[in-house]
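# Structural overview for review
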Amino acid sequence: MNTTTTTTLTLLVLCAGAGAAPADTANELELGSWGRGLRTPSANAVTESNLGGAQLGYARQLPLSPMPDLTLWAVGRFAFGTASGTMFTTMETTVDYTEFAAGVRARYRLHDHVRIGARADLGLARTELDISDARHTYSDLGWGPTAGAAAQLELLAVARPGFEFGMRLELGYVASAAVALSPRAADTSEEGTIMLPVGRSSLGHLDLGGPSFGLTFFGQF
Amino acid sequence: MRHRLAIALAAGAVGAAALACVSACTDERPILWERPRTVLGPIPLKSQIAYVDSALDRVTLLDLAPDAPAIRHKSIGRRAILAVPSPDRHDLYVITRGEEAILEGQIDQPPRLWAIDTIDLDRPAVAYDIGSPFDRIAVSPDNSIAVAYFSAAGPDAAGFFRNPNEMAIIDLARPPSATNPTLKTIRSFGSVPEGVALTPPMIVPGDAEGVPRTFAFVLSPNNLTVLDTSHPTRREISIRLDLGGTAVIPREIVFAPNTASAYVRSDNARDVLQVHLVGVPPERPEANDYRPQLAELGAGGGPTDIAVYDDHGGRRYVLASTPNTSEVVVIDADTAQFRSIRVAGPIDRILLFPSGGDAPPRKALFASIGTSGRTVHVLDLENIQDPLTQAKIRTIALDKGVRDVVPVPGRELAMLVHDDHRTVLGLLDMETESTSPLLGVGKLDSYDFSPDGSYLIGATAKIGRVGFVALDNLHPTDFRLDQPPSRVLSTANAKIFVDHGDPFGHATVIPSPTATRADAIVLAGFLTADLLDEAP
């Protein structure tokens, strides 16, 4: 799945919800932090830490209501994060991660100030790995598809008709395609230099999938 | 009521998910990734280059025989500390320290010697339990026997007791067993081994069985120990070198397998010691069936270097330099008759030309390395044994002092190094006895000769070039690299391997000294190839 496909999918989902929306609130903006446990064998190789960062999302309520108090939303999400670590006590590693995802969310009203929900989305992630020691720095990046699902609990501080504001706690799992990486040193040669042909060995595939956690603040209007 | 139940269910689900998440996020990382990593190498083999990774517990072999170099891996034990090639460069021997299972992910593994056939890589590496983490190894010239021993310093601070006179004798022709290796502690008389040399297979005169066998000569201050590695459980024979005065430290040993002899040069000894092994009837079944006969060959002035050669008739001669008497001595090894030849300067380096082939050497080159003498001397060896023939020794004056002399393999040439930084070199043609200067752009940090001796190949650490000198006509050329070199090697198939000193593996392979940049290839990342995919 490439960037164009994901963007198209995101737009389609959001446009589907752009029609007539329920009267109370139709749009949502969220901002918060997230974390992901990195314990795949390949992730263990590069870092002992977990992935963490910030996320920004937009959601639009869909004109569907399968049952009372249940609403469906189209969601789009942008997340970025980083993890750093050490290999073999001397090699510093940094994983930079950027993800674009789109999907749907079901949201059920339990109480005036409490909602529960579930989210499922597909996305595309950019993974960049830097490895350095005292003398060398190598890096490479790759793109790969992701699929995520999460259970959500929302606590609302403000729940008025036409505006809601609250906090969302999210626990889930993200499956991520392992990205092939062949780190290389930065090219410091003069422009136009004809370099020798390089036979580069692959470092392997980095899988950043794992259980995820999110804490965001959102406003609906 | 409905809402309360739903809230309880939601809270339970979130709590369970949180527990799962916390558990997953705090799983232990395999200790493999937190081990210190040392890369041993590059180690030149026949047509391959080997690296040993002490953290990944594997040997990486780059096969340079095909046009596109092939990368292979062989697994070995935990914590490699030493890797040496066999004398014929077909095999690689690696000592791994092993580890104790103290932390999660560690395993109990004893110290081992790994014998790796680098030609037939489908053969599994053979592991011999050597009992102690030895950090030195000597391999016999025919690859049949290895002796692992401790250096004077020992490998590391780990462990409780260390026996510096212990050694493991490994029969490489037999599989590991309860009797292979044999652990043995030699008598020390207060000293510890500084080196072990293994003889080529040799038949001891008087041996009823007439079976060739390998002897280990252990060099220790004031002691020389001889050990029959074919019968490693038999007692070793110790030879006291000193007379109670100044310590006599054996420095150099050369063997004459045809006569079952060894010639030992020692610091603070007046003469060259000949150790001739002769067969004797054993006193009991497990006693030695040989004994050494000792002879002091009359160098007479504290030899600083020796060389051994056989003449056309197979007669063995020992050349010894004795700076105390300003002489070099030619000793008939069979009769101990010697001839002294005066030479100016304290000679401490002897090279023979030609060397390495079947033909006996015709000339000897003498140099004073310790004092950086500005002269070298050439002695004709033909008819040197005839006392009625005048010794022909000639002096070649140089512009600068000599810090090192290196023979060019397969050629009658010697490279003269004139300074500590190896920036000023000279090439001495032993046929014409003339020298030619070679000027480098920087310190010659690494150099090698092509297998046929037709090229000198050199590199300087901070200069992104490899230099070549055609030794036929001294024509210099160079090859521009994309990265500064760390070490340059020439393989047996005449390819040039330039290592760039990178923990990921980074090397330039130049097919021949005359190749252009279009012919070369850079290999990158071979030391960490598929690292993520093979992660435990």
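Each remark here, short or long, concerns the structure printed above.
Residues numbered from 1 in each chain as written. Chains lettered and ligands numbered in written order. Predicted model: local features only at pLDDT ≥ 70, side-chain atom pairs only at ≥ 80, totals over all residues. Heavy atoms only, no water.

Attention now goes to the overall build of chain A. From N to C terminus, chain A includes two helices and 12 strands. Across chain A, helices and strands are ordered from the amino to the carboxyl terminus as α-β-α-β-β-β-β-β-β-β-β-β-β-β. Residues counted as buried form 48% of the 221 residues belonging to chain A. Within the structure as shown, chain A displays about 9,600 Å² of accessible surface, and the carbon and sulfur contribution to it stands at 64%. (Helix = DSSP H or I, 4+ residues; strand = E, 2+ residues; numbered from the N terminus. Buried < 20%, exposed > 50% of the residue type's maximum accessible area, 1.4 Å probe, protein only. Areas by Shrake-Rupley, 256 points an atom, 1.4 Å probe, with all protein chains shown as cover.)

Turning next to the sheet that holds strand E29 (residues 404-407) of chain B. Residues and elements named next belong to chain B. Spatial ordering of the open sheet is given by E29-E30-E31-E32, a layout of four strands whose pairing is antiparallel. Two strands in the sheet have a free side with no partner beyond their single neighbour: E29 and strand E32 (434-439). When strand polarity is set aside, the average angle formed by the axes of neighbouring strands in this sheet is 25°. As defined by bridge partners, strand E31 (residues 424-429) adjoins E32 across six bridges and the pair is classed as antiparallel. In the strand pairing of E32, Leu427 is matched with Ser436. (Pairing = 2+ DSSP bridges. Axes fitted to C-alpha atoms, helices over the stretch in contact; angles between N-to-C directions.)

Turning next to the layout of surface pockets. By volume, the largest pocket amounts to about 770 Å³. If you go around the largest pocket, you meet 31 residues; those closest to its centre are Ala185(A), Ala186(A), Asp482(B), Gln483(B) and His506(B). Listed by contribution, the elements that provide at least two residues to the lining of the largest pocket are strand E6 (137-160), strand E9 (184-185) and strand E10 (198-200) of chain A together with strand E40 (521-524) of chain B. Across the lining of the largest pocket, the residue classes break down as 12 nonpolar, 11 polar and eight charged. (1 Å grid on protein atoms, 1.4 Å probe; cavity = no way out; pocket = protein on both sides within 12 Å on 5 of 7 lines; lining within 4 Å. Points joined across faces, edges and corners; volume = space filled by probe spheres on them. Nonpolar A, V, L, I, M, F, W, Y, C, P; charged D, E, K, R; others polar.)

So, on to the packing of aromatic side chains. Residue and element names in this part refer to chain A. Going through the model one piece at a time under the given rule, you end up with 13 aromatic pairs over all chains. Taken together, the ring pairs connect Phe78, Phe80 and Phe100 into an aromatic cluster. The ring of Phe218 carries Arg168 above its face, with NZ or CZ at 4.4 Å from the centroid. (Phe/Tyr/Trp six-rings, centres within 6.5 Å; stacked < 30°, edge-to-face > 60°. Lys NZ or Arg CZ within 6 Å of the ring centre and 35° of its normal.)

Keep in mind that most residues, glycine aside, have a negative phi and that most peptide bonds are trans. Residue and element names in this part refer to chain B. Backbone torsion omega between Gly41 and Pro42 reads 10°, so that peptide bond is classified as cis. Here Asn180 and Pro181 are connected by a cis peptide whose omega angle stands at 10°. Summarising the element assignment, Pro181 is placed in the loop between strand E11 (166-171) and strand E12 (182-185). Phi at Arg79 is positive, roughly 60°, even though this residue is not glycine. Residue placement: Arg79 occurs in the loop between strand E4 (70-75) and strand E5 (80-85).

With that out of the way, let us pick up empty space enclosed by the protein. In this approach the atoms are scanned with a rolling probe the size of a water molecule, which exposes any empty space left behind. Residues and elements named next belong to chain A. In total, this model carries four cavities of 30 Å³ or more according to the counting rule given. There is about 90 Å³ of room inside the largest cavity. When residues of the lining of the largest cavity are traced back to their parent elements, those giving at least two are strand E1 (27-36), strand E7 (163-176) and strand E12 (210-220). When residues in the lining of the largest cavity are grouped by element, the largest group, three residues, is from E1. Its residues placed into classes, the lining of the largest cavity shows three nonpolar, three polar and five charged.

As a further point, take the pairing of strand E13 (residues 195-198) of chain B. All names here are of chain B. The two faces of E13 match: Gly195 and Ala197 on one face and Val196 and Leu198 on the other face are all buried. As judged from the four bridges shared by E13 and strand E14 (residues 215-220), these two strands associate in the antiparallel manner. Note that in E14 the partner of Leu198 across the bridge is Ala216.

Attention now moves to the sheet that holds strand E10 (residues 145-149) of chain B. Residue and element names in this part refer to chain B. Pairing within the open sheet is antiparallel, and its four strands lie in the order E9-E10-E11-E12. The open sheet has two edge strands, strand E9 (136-139) and E12, and neither has a second partner. Shown here is a sheet whose adjacent strand axes are inclined to one another by a mean of 25°, direction ignored. Judged from the four bridges that link them, E9 and E10 form a sheet pairing that is antiparallel. Its bridge partner being in E10, Ala138 is matched across the sheet by Val147.

Once that is clear, we can look at the pattern of salt bridges. All told, the structure shown has 48 salt bridges over all chains when counted by the stated rule. Arg105(A) serves as the salt-bridge partner of Glu28(A), at 2.9 Å between the closest nitrogen and oxygen. With Glu28(A) in strand E1 and Arg105(A) in strand E4 (residues 91-111), the pair connects residues that are 77 residues apart, well separated along the chain. Like Glu28(A), the residue Arg105(A) is buried in the burial classification. Residues Asp171(B) and Arg174(B) are paired through a salt bridge, measuring 3.2 Å at the closest nitrogen-oxygen approach. Classification of Arg174(B) as partly exposed rests on a relative accessible area of 36%. (Salt bridge = Lys/Arg side-chain N within 4 Å of Asp/Glu carboxyl O.)

Another aspect to go through is a nonpolar patch on the surface. Residue and element names in this part refer to chain A. Together, Leu29, Phe163, Phe165, Phe217 and Phe221 line one region of the surface with nonpolar side chains, adding up to about 460 Å² of accessible area. Relative to the assigned elements, Phe221 resides in the segment after E12. Its relative accessible area of 43% is what places Phe221 among the partly exposed residues. (Patch = residues over 30% accessible without salt bridge, like charges linked within 9 Å, V, L, I, M, F, W, Y side chains within 5 Å.)

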